[in-house]
Structures are given as structure tokens and as C-alpha cells.
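Coordinate analysis (summary)
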Amino acid sequence: MNMANEMLDILMGKHLDGEITPDEQRLLDQFLADDAAAREEFGAFRRLHEQIRSAVEQALDGGRPMEAVFDAAWRKSSPARRMHNRIFGREWALTAAGLAAGLILGFVIHGMIMAPGESARPTPSPLAQYPTDGEPLWPSSSTPPATPGENRNVDWYTVTEPSGEQWLLEGYRRQQVMPAMYYGDL
Amino acid sequence: MTGPGRQNEAALAAAARQGDKGALQEILRRNWGWLKALLYSYTGRAENLDDILQDVCVRVIEKIGSLREPERFRPWLATLARNEATVFYRRKGRQLPSVDPSEITLADDKTALPPEQVEQREATQQLVGAIGGLPEKYREVLLMACQGRTSYDDMAATLDVPVTTIQIRLVRARRMVQERLVGKEQVKIPRT
């Protein structure tokens, strides 16, 4: 079958299925007007189409009506599944369920990552005072050193300057002391 | 189906997903023709169709809540129907597809017919046998086009293939049926 024949077949098929556009119909009419063999072919194709449609309708004729099949299926289906759809078929219910699941998952992960000893923040150490010569001393934490197995990353200190201004410091366990992100009147 | 028709169907699918029984029944009623044709194309047996259709309905009722895109109800239904047909035959110890043209049956096969209709019935049986002998992808579009009166656009959306593929498969399906009827059993099947 060459391309022209397949093109003709497609146009004939679209015509028979009611899918042909006006431009395609003009093209088909031109084909048929110019070619007697094509006209004969079209007639045979039309008869075949009608025979197939009739045969298929006859083959599928009968059977229970759709409503009867559906009602039987409804009775057979699980009421629990139907209720599940009624509740969770709604967008807002899905969103809420997703958020709740995310929240619960977040709590679980948080609990798994955080060691029990770390969950409580250490008590801030007593104020470290400047010595009399005015040179500040780095304060030392009054909290006891971490015991083996205790996971503690930071200690907190407060320092009062001679001017009365207070600083909150955080001391990392790697012997680093860094200013906190806020200061002033604590 | 036109654009507004599709939107309407998507709205029905969305309502059905939320447990609206009336919407579910209506959307199934609209798609009943091609669904029946599609199942027949898989099984080739009219006598089992009601049982499989009922199984499909049960699955749709129970699974509609899992439909994430209501506008894609048709391809979802087509996939579910195929799975249910496979499960149905697996329960009977058979595999799908196993359509044998000689076993293709018409509905009401055992009905006694007047002699003048016997010849016509035999011709129909021969034609249905020729359709049943087509490869599945050609058989399903031909049956959907005839029984479901389904548009090319809807068939393309349902089967998840381009519209041009539907056009070509339909043309080739008709040609193959024609050639089988005139005795050319060894038809070279083109690739689409």
C-alpha cells in the first residue's frame, strides 16, 4: 500500500466515523471524482464498515442493563472502602491528613535525633565579673563537664561589662567562645 | 467528547471520588459503551462480560478515592478494566489475552433462529471471528469505534496514544478484517 492509498483509507475512515473536516472532505471528494477505482473502493469500504458495526452491535447485544450491574456491584463492594472514599476523597481531608502525618513524622525524627541529655538546655552560668584592672577574663562555665555518652554541644555564659551591659555567650565544646546573636538588657 | 463535556466528566469524577453514588453511576453510564467494547476486545466472550463488568464496577466503587486526576478518569478506567479482566481469567485458570477467533461468541448464541436468519448469523459470526483474530491494539480501537461510538479524541485519551495513531490503527484494522474475510489469512501486520 503506498502513501496515497493509505491517505485515501484514512480519509474514508474519518468520513465513515464522522471525524472528517471540511478540507479533508473536499480532498476525499476530489480523490473520488478523479478515480473510478477509488469510488469502487469507497463503496466496498462503506459496506464493510456497516457490516462490522452491525456485527459488533449484535455480538454485544444483550446482557444486563448498566444500572443492574452497578447496583449489584454497589451491594458487593466494601462499605468500609466507600466510607474511606467519602472521608479521604476530599482535597482538604487529604491535605489535613498529610499535614498531620508530616507533623507526627517531624516529632518522631526530632525525638530520634535529639539525645535525652541534650533536650534540656544547661542553666546559664553565674555572671563572670571583670577583674579590677579592667581587662576582661573569659568566663568559665559552672556547668559540670559533659560525662561520657552525654551529647552536649554548647554551654551558655553571661558576662557583665563594667558599664553594666550584659552579654550572652555560647561556648562550643571545641574550646570556642562566640557571642550570641543578641545582647543588651537581658 | 468536547472540552466542556470533558470538564463535566472531570467534575463528575471529582464528585464520585468524594463518595457521590449518583455521580459515580452517571460517569459509568457515559462510559459504558466503550468499556464493554474494550472488555470484549480483551476476552472475545460475550457471555462473561456482565461478570467482568460487575467486577470492574466493584473496583471502581472501592478505588475511586485513589483517582488523583479526575480529568484522567477514562485512562484510569481502561487500565482498571484490563486488570480486572486479567484477574477474572486468572481465577478461571486462563491467561489474557487468549482470543481465539474460532471461539469468539455472539450474545444469545443458543437462541433458536428462523432458517432465513441462520445464514446472516453465520456471516456475522465469520465477521466477528475476523475481528477477534486481529492483534489486540487494532481490535480494541475497532470495537470501541463501533460499539462505543467513541470519537478519535476520546479513544486517544482513553488509550493514551496520539489521535493519528488511532486513525491509522482503525484504517489498518478494517483492511485486515477485509483481507481476512476474502481469505488472506497471512496478513502482514504493520507497526504503529
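Residues numbered from 1 in each chain as written. Chains lettered and ligands numbered in written order. Predicted model: local features only at pLDDT ≥ 70, side-chain atom pairs only at ≥ 80, totals over all residues. Heavy atoms only, no water.

1. Quick word on the interface of chain A and chain B
Facing the 46 residues of chain A at the interface are 51 residues of chain B. Summed over both partners, the interface of chain A with chain B comes to about 4600 Å²; 59% of that surface belongs to carbon and sulfur atoms. Remark: the boundary between chain A and chain B carries five salt bridges. Linking A:Asp17 and B:Arg174 is a salt bridge whose minimum nitrogen-to-oxygen distance equals 2.8 Å. (Contact = heavy atoms within 4.5 Å. Buried area = accessible area lost by both parts, 1.4 Å probe. Salt bridge = Lys/Arg side-chain N within 4 Å of Asp/Glu carboxyl O.)

2. Examining a nonpolar patch on the surface
Residue and element names in this part refer to chain A. On the surface, Ile 104, Leu 105, Val 108, Ile 109, Met 112 and Ile 113 cluster together to form a nonpolar patch covering roughly 640 Å² of accessible area. The residue Val 108 is located in helix α6 (residues 91–113) in this model. Overall, the relative accessible area of 43% leaves Val 108 in the partly exposed class. (Patch = residues over 30% accessible without salt bridge, like charges linked within 9 Å, V, L, I, M, F, W, Y side chains within 5 Å. Areas by Shrake-Rupley, 256 points an atom, 1.4 Å probe, with all protein chains shown as cover. Helix = DSSP H or I, 4+ residues; strand = E, 2+ residues; numbered from the N terminus. Buried < 20%, exposed > 50% of the residue type's maximum accessible area, 1.4 Å probe, protein only.)

3. Regarding the packing of helix α2 (residues 22–34) of chain A against helix α3 (residues 36–60) of chain A
Residue and element names in this part refer to chain A. For the pair α2 and α3, the least separation of the axes is 5 Å and the interaxial angle reads 115 degrees. Contacts between α2 and α3 involve Leu 28, Phe 31, Leu 32, Ala 33 and Asp 34 on the former and, on the latter, Ala 36, Ala 38, Arg 39 and Phe 42. Residue classes in the contact of α2 with α3 are distributed as seven nonpolar, no polar and two charged. (Axes fitted to C-alpha atoms, helices over the stretch in contact; angles between N-to-C directions. Nonpolar A, V, L, I, M, F, W, Y, C, P; charged D, E, K, R; others polar.)

4. Focus: helix α2 (residues 21–30) of chain B
Residues and elements named next belong to chain B. Burial in α2 covers these residues: Ala 23, Leu 24, Ile 27 and Leu 28. On an axial view of α2, the arc spanned by its buried residues comes to 130 degrees, and they lie on one face. By the N-cap criterion, in which a side-chain oxygen at the helix start approaches the backbone nitrogen of a residue two or three places on, α2 is capped by Asp 20, the distance to Gly 22 being 3.0 Å. (Arc of directions from axis to C-beta. Polar contact = N/O pair within 3.5 Å; in protein donor to acceptor, adjacent residues only side chain to side chain.)

5. Quick word on unusual backbone geometry
Positive phi values are uncommon outside glycine, yet B:Asp160 reaches one of about 60 degrees. With respect to the secondary-structure elements, B:Asp160 resides in the loop between α8 (152–159) and α9 (163–181).

6. With respect to the confidence of the model for chain B
In low-pLDDT regions, the fine details of the predicted coordinates are not to be read closely. Within chain B, residue pLDDT values average 80, and 77% of them lie at 70 or more. Averaged over each element, pLDDT in chain B is lowest for helix α6 (residues 115–132) of chain B (77) and highest for α2(B) (92). (pLDDT = per-residue confidence, 0-100.)

7. Thoughts on the side chain of B:Glu140
Residues and elements named next belong to chain B. Position of Glu 140 among the secondary structure elements: in helix α7 (residues 136–147). Buried within the structure, Glu 140 lacks any salt-bridge partner; Arg 169 is the closest side chain of opposite charge, at an N-O distance of 4.4 Å. Setting aside anything within four residues of it in sequence, one finds Glu 140 in contact with Leu 38, Ser 41, Tyr 42, Leu 159 and Arg 169. (Lys, Arg positive; Asp, Glu negative; His and termini not counted.)

8. Overview of the packing of aromatic side chains
Residues and elements named next belong to chain B. A full pass over the atoms with the stated rule returns three aromatic pairs over all chains. Both rings, one in Phe 73 and one in Trp 76, keep their centres 5.8 Å apart while their planes meet at 40 degrees; by these two values the pair is tilted. Of this pair, Phe 73 and Trp 76 are both found in helix α5 (residues 73–91), three residues apart, which corresponds to roughly one turn of the helix. The pair Phe 73 / Trp 76 is uniform in exposure class, with both members buried. The lysine or arginine in question, Arg 82, covers the ring of Tyr 42, its NZ or CZ lying 4.8 Å from the ring centre. (Phe/Tyr/Trp six-rings, centres within 6.5 Å; stacked < 30°, edge-to-face > 60°. Lys NZ or Arg CZ within 6 Å of the ring centre and 35° of its normal.)

9. Quick notes on the side chain of B:Gln54
Residue position: B:Gln54 is located in helix α4 (residues 49–63). Under the relative-accessibility criterion, B:Gln54 is labelled buried at 14%.

10. Things to note about the confidence of the model for chain A
Per-residue pLDDT for chain A has a mean of 74; in total, 60% of the residues score no lower than 70. Predicted confidence for residues 124–128 of chain A stays below pLDDT 50, and this span has 15 contacts to residues more than four positions away or in other chains.

11. As for the nonpolar core
All names here are of chain B. The biggest cluster of nonpolar side chains holds 68 residues, and the ones touching the most others in it are Leu 24 and Leu 39. Take this core: its biggest share by element is nine residues, from α5. When sequence neighbours within four positions are dropped, the list of residues in contact with Leu 39 reads Leu 49, Ile 52, Leu 53, Val 56, Ala 81 and Ala 85. (Core = buried A, V, L, I, M, F, W, Y, C linked by side-chain atoms within 4.5 Å.)

12. Details of the environment of B:Leu24
Mapped onto the elements, B:Leu24 comes out in helix α2. For the pair B:Leu24 and B:Ile64, spaced 40 residues apart in the sequence, the C-alpha separation amounts to 8.7 Å. With sequence-adjacent residues up to four places away left out, B:Leu24 is seen in contact with A:Phe70, A:Trp74, B:Ala16, B:Val60, B:Ile61 and B:Ile64.

13. Considerations on the packing of α5(B) against α8(B)
All names here are of chain B. Interhelical geometry of α5 versus α8 gives an angle of 60 degrees and a closest axis separation of 7 Å. Classed by the angle they form, the pair α5 and α8 counts as oblique. The element α5 and its partner α8 pack so that their crossing is right-handed. Contacts from Arg 74, Pro 75 and Ala 78 in α5 reach Asp 154, Ala 157 and Thr 158 in α8. Broken down by class, the residue content of the contact of α5 with α8 amounts to three nonpolar, one polar and two charged. (Parallel < 35°, antiparallel > 145°, perpendicular 65-115°, else oblique. Left-handed = near helix turned anticlockwise from the far one by under 90°.)

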